[in-house]
Amino acid sequence: MTRIYVGMSGGVDSSLAAALLLERGFEVTGIYMKNWSQDLPGMKCPWAEDLADAKRVAVQLGIDFKVFDFEKEYKHYVVDYMVEEYKAGRTPNPDIMCNQEVKFKLFLAAALADGADAIATGHYARVRCEESRCAIHHYPVSSRGAEDGVDDSTAQCTKAFLCVAEDHDKDQTYFLYRVTGEALATTLFPLGDYTKQQVREMATERGLWTADKKESMGVCFVGSVGMRDFLGQYVKTRPGDIIDKATGSTLGRHDGAIFYTLGQRHGLDIGGGLPYYVVGKDMAKNEVYVSTNLNDTAMWRRELTLGQLQWIDHVPSDSAGLTVRLRHRGALLPCILSGTVVKLEEPERAPTAGQSAVFYLHGNCLGGGIVA
Amino acid sequence: MNVKKPELLYLDHAAATPMDEHVLAAMQPFFQDEFFNPSSPYAPAVQARRAYDDAKHRLAVAIGGKADEVIVTAGATESINLVFAGITGHVVVSAVEHPAVLEAARRHEHTIVPVDAKGSVLSEAVAGAIRPDTVLVSIQLANNELGTIQPLREIATVVKAERQRRAEGGEATPIYLHSDASQGAGQIDIHVARLGVDALTLNAGKMYGPKQVGLLWAASHVTLSPLIVGGGQERGLRSGTENVAGAVGFAVALERASRHAAGEARRLAQLRDTLQRELLAAFPEAVVSGNQKKRLAGHLHISFPGIDAERLVFLLEAKRVLVATGSACAANKNTRSHVLEAIGLSPEAADGSLRITLGRLSNEATSAQALAIIVDMVRFEQQRMKK
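Since the model is a prediction, treat every value here as computed from it, not as a measurement.

The rules we used
Residues numbered from 1 in each chain as written. Chains lettered and ligands numbered in written order. Predicted model: local features only at pLDDT ≥ 70, side-chain atom pairs only at ≥ 80, totals over all residues. Heavy atoms only, no water. Disulfide = S-S within 2.5 Å. Pairing = 2+ DSSP bridges. Helix = DSSP H or I, 4+ residues; strand = E, 2+ residues; numbered from the N terminus. Axes fitted to C-alpha atoms, helices over the stretch in contact; angles between N-to-C directions. Contact = heavy atoms within 4.5 Å. Buried < 20%, exposed > 50% of the residue type's maximum accessible area, 1.4 Å probe, protein only. Polar contact = N/O pair within 3.5 Å; in protein donor to acceptor, adjacent residues only side chain to side chain. Left-handed = near helix turned anticlockwise from the far one by under 90°.

A. Structural context of the state of the cysteines. Residue and element names in this part refer to chain A. Inspection of the entire model under this criterion finds 0 disulfides over all chains. Cysteine Cys134 is unpaired, with the sulfur of Cys129 as its nearest cysteine sulfur at 3.8 Å. Cys163 takes part in no disulfide bond, and the closest cysteine sulfur, belonging to Cys365, lies 9.1 Å away.

Here's what the structure looks like:
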């Protein structure tokens with residue numbers, strides 16, 4: 001029987017993912033990835049409760065359950081990366097890095113080494129493969145075996161494609177574009193065909209312990225502390241000037257350029273008049289530049305240069321129908337890609353360096369790069 | 001229509017106890033009708049003061065002490081912290097104390113004495129750990145995980161001998177024996193003179209009284225210094241408006257627990273022994289920990305080697321059997337119980353252990369039901385793992 005290791009975070013999504021896989025006839029093992037367990041000032045890390053929730057659901061489902069400890073790796077690949085990026089004046093996306101390095105690389109490798117045929121997570125996304133007998137992606141396995149008298153297929157694809165979720169609003173492909181086609185070949189996203197609403201309902205129908213559990217938002221460990229306080233733990237910051245880009249005059253003081261991101265309006269502490277927006281910063285000088293001009297050229301860009309381009313299958317051969325997304329749940333913007341430069345039809349507001357530009361064609365997520 | 005909830009089979013009395021209805025009834029007036037501040041000057045407030053003083057008197061009587069020696073606190077942890085805060089010097093504690101004692105001891109120069117394989121503190125070990133500058137020896141009355149009852153009288157003899165030695169040698173350093181008796185009240189004798197202690201901690205929440213209510217009894221020769229300062233209540237040792245309802249409830253709880261202690265202990269021991277016998281018959285490989293000859297009547301610490309006790313707890317809760325794991329969460333290998341480490345239980349057994357603690361919610365029928373369910377669920381897990 002095909003054996004799936006499903007990452008269970010203790011939330012409703014991964015709980016239902018495990019339940020669905022079991023119903024589809026897979027042999028399922030639940031895995032809690034212990035990535036972060038430190039408390040932060042004013043915030044108790046809920047990892048132990050999350051672990052207990054995940055395990056309780058696993059016991060409910062009668063499946064095996066294990067803990068994979070990636071704390072050291074997570075710190076290295078995700079947290080340190082994130083801090084370094086901020087120090088360099090960029091605004092990184094740690095979720096994308098976590099998927100690329102931890103979930104769909106380390107977890108995948110550890111699961112396969114432990115005897116799994118594939119992994120699954122509760123992400124809202126879909127995987128499609130072209131191997132029609134693929135035992136991983138072409139379920140239901142059990143009914144096919146039983147009704148057709150066909151043996152359980154042992155065929156497996158070697159490469160698969162990433163497609164957007166049925167629930168466009170929840171679609172998480174933006175965070176998954178750096179997962180390779182090879183990794184996707186041994187990956188399942190059981191929730192891809194359902195809406196969040198349906199997922200809650202199905203979890204309730206099945207009496208899953210986590211059916212009503214509150215959603216965790218954003219990077220788990222930064223969630224309730226805020227990036228500002230989190231970075232404050234890792235980086236020595238010093239106050240600097242906030243400078244009016246138009247006049248060059250100093251408008252006020254900030255407590256560290258690292259905390260400011262392009263287009264940011266809040267947190268400038270400059271009283272009265274028109275709102276100021278961050279239009280640039282100089283990390284070396286520790287200066288933040290602001291403007292009241294919403295049409296400042298730094299705020300709007302029509303052309304973006306991308307670095308670290310990565311494609312799930314291959315570089316799109318032309319730009320017909322090609323769209324790009326600059327933030328999670330952001331609009332799909334028509335674009336033309338030539339080399340590492342993406343041209344937008346309309347200027348777009350403040351795509352920050354370090355964020356990702358992710359390309360889509362006919363509901364497929366093709367890959368993307370990081371805004372330079 | 002009122003649908004009756006299916007009955008819970010509660011086997012975790014060492015963690016929390018439901019409030020005795022007499023306790024609840026005694027507390028009720030003080031929430032609304034007699035809500036006054038005992039320090040206020042008018043008659044109804046004076047009535048509240050009297051009720052409070054009466055409760056303290058009854059608490060003192062129940063343990064053989066004086067009302068002036070009782071400080072009502074917000075639970076055993078505070079009581080323990082209070083007694084440790086008052087001393088300067090070396091302290092001796094056992095390896096199987098509650099974290100409140102171990103953490104409080106860490107703030108002083110301290111020696112932790114080991115226990116034997118049954119979790120018993122040896123009085124000779126305590127004698128060996130006492131130094132000329134030892135001011136406090138703190139040993140639990142009974143262990144919360146294993147139920148092992150500690151030889152407090154023997155330890156008291158050791159402390160007394162040291163006190164005698166110092167008196168004869170003209171040494172001025174005092175030495176006190178404190179006991180955390182959070183576990184055991186209501187099952188065994190907690191008379192302070194008979195135990196031979198200088199200070200005693202009790203917890204109302206473990207004896208069918210209100211949670212967040214406890215007491216520290218300290219003989220008049222024990223020096224204390226307050227953790228909480230303010231209006232000077234409790235002889236200046238614990239400021240804050242008195243918890244009249246809590247003290248009144250605690251007094252009723254302690255009286256009732258003490259009055260029925262002997263009979264309740266016999267009843268629980270019988271239930272526990274049956275449970276132990278039947279579980280060992282069903283699972284000969286199971287290991288019972290704790291001192292079988294000196295054990296709290298309701299306690300049964302049993303390990304099923306190879307089983308993940310946390311899974312077992314989740315399976316049992318689904319069948320409405322509520323029981324604690326005998327160790328900390330098995331998935332987190334770094335936090336295995338310090339008690340099980342102290343008695344040298346193998347990690348495999350430790351991870352497969354349940355702590356069953358019987359009490360007033362236990363009877364023959366519920367105990368038999370729980371037994372059948374536990375046997376089923378352990379077998380279920382064994383089967384699942386064989387696949």
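That shown, we press on.
B. Looking closely at the sheet that holds strand 6 (residues 176–180) of chain B. Residue and element names in this part refer to chain B. What the 7 strands build is an open sheet, ordered 2-8-7-6-5-3-4; its pairing is mixed. Each end of this open sheet is capped by a strand with a single partner; those strands are strand 2 (70–73) and strand 4 (110–113). Along the sheet, successive strands turn relative to each other by an average axial angle of 20°, direction set aside. In the sheet, strand 3 (residues 90–94) pairs with strand 5 (residues 134–138) via 4 bridges, with the strands oriented parallel. If you follow Val91 over to strand 5, its bridge partner there is Leu136. Relative to the sheet, helix 2 (residues 43–63) contacts strand 2, strand 7 (199–203) and strand 8 (214–218), its axis offset from that of strand 2 by approximately 115°.

C. Quick look at the side chain of Gln140 of chain B. Residue and element names in this part refer to chain B. Checked against the element boundaries, Gln140 lands in the loop between strand 5 and helix 6 (152–169). Exposure remark for Gln140: the relative accessible area of 2% places this residue in the buried category. In this structure the side chain of Gln140 is engaged in a polar contact, spanning 2.9 Å, whose partner is the backbone oxygen of Val96. Reaching out from Gln140, the side chain makes a polar contact with the side chain of Asn143 at a distance of 3.2 Å. When neighbours within four sequence positions are excluded, Gln140 is seen to be in contact with Val96, Glu97, His98, Gln150, Leu152, Ser179 and Asp180.

D. Examining the packing of helix 1 (residues 12–23) of chain A against helix 7 (residues 196–205) of chain A more closely. All names here are of chain A. Between helix 1 and helix 7, the least distance of the axes is 10 Å, while the angle of their chain directions is 65°. In this structure, helix 1 meets helix 7 at a crossing whose hand is left-handed. Contact with helix 1, carried on its side by Val12, Asp13 and Leu16, involves Lys196, Val199, Arg200, Met202 and Ala203 of helix 7 and no other residues of that element.

E. How the structure looks around the sheet that holds strand 9 (residues 250–254) of chain A. Residue and element names in this part refer to chain A. The mixed open sheet is built from 4 strands, whose spatial order is 9-8-11-10. Edge positions in the sheet fall to strand 9 and strand 10 (277–282), since each of these pairs with one other strand and no more. Neighbouring strand axes in the sheet, compared pairwise and without regard to direction, differ in orientation by 30° on average. In terms of strand pairing, strand 8 (residues 240–244) meets strand 11 (residues 287–291) through 3 bridges, oriented parallel. In the sheet register, Asp244 faces strand 11, and the bridge partner there is Val290.

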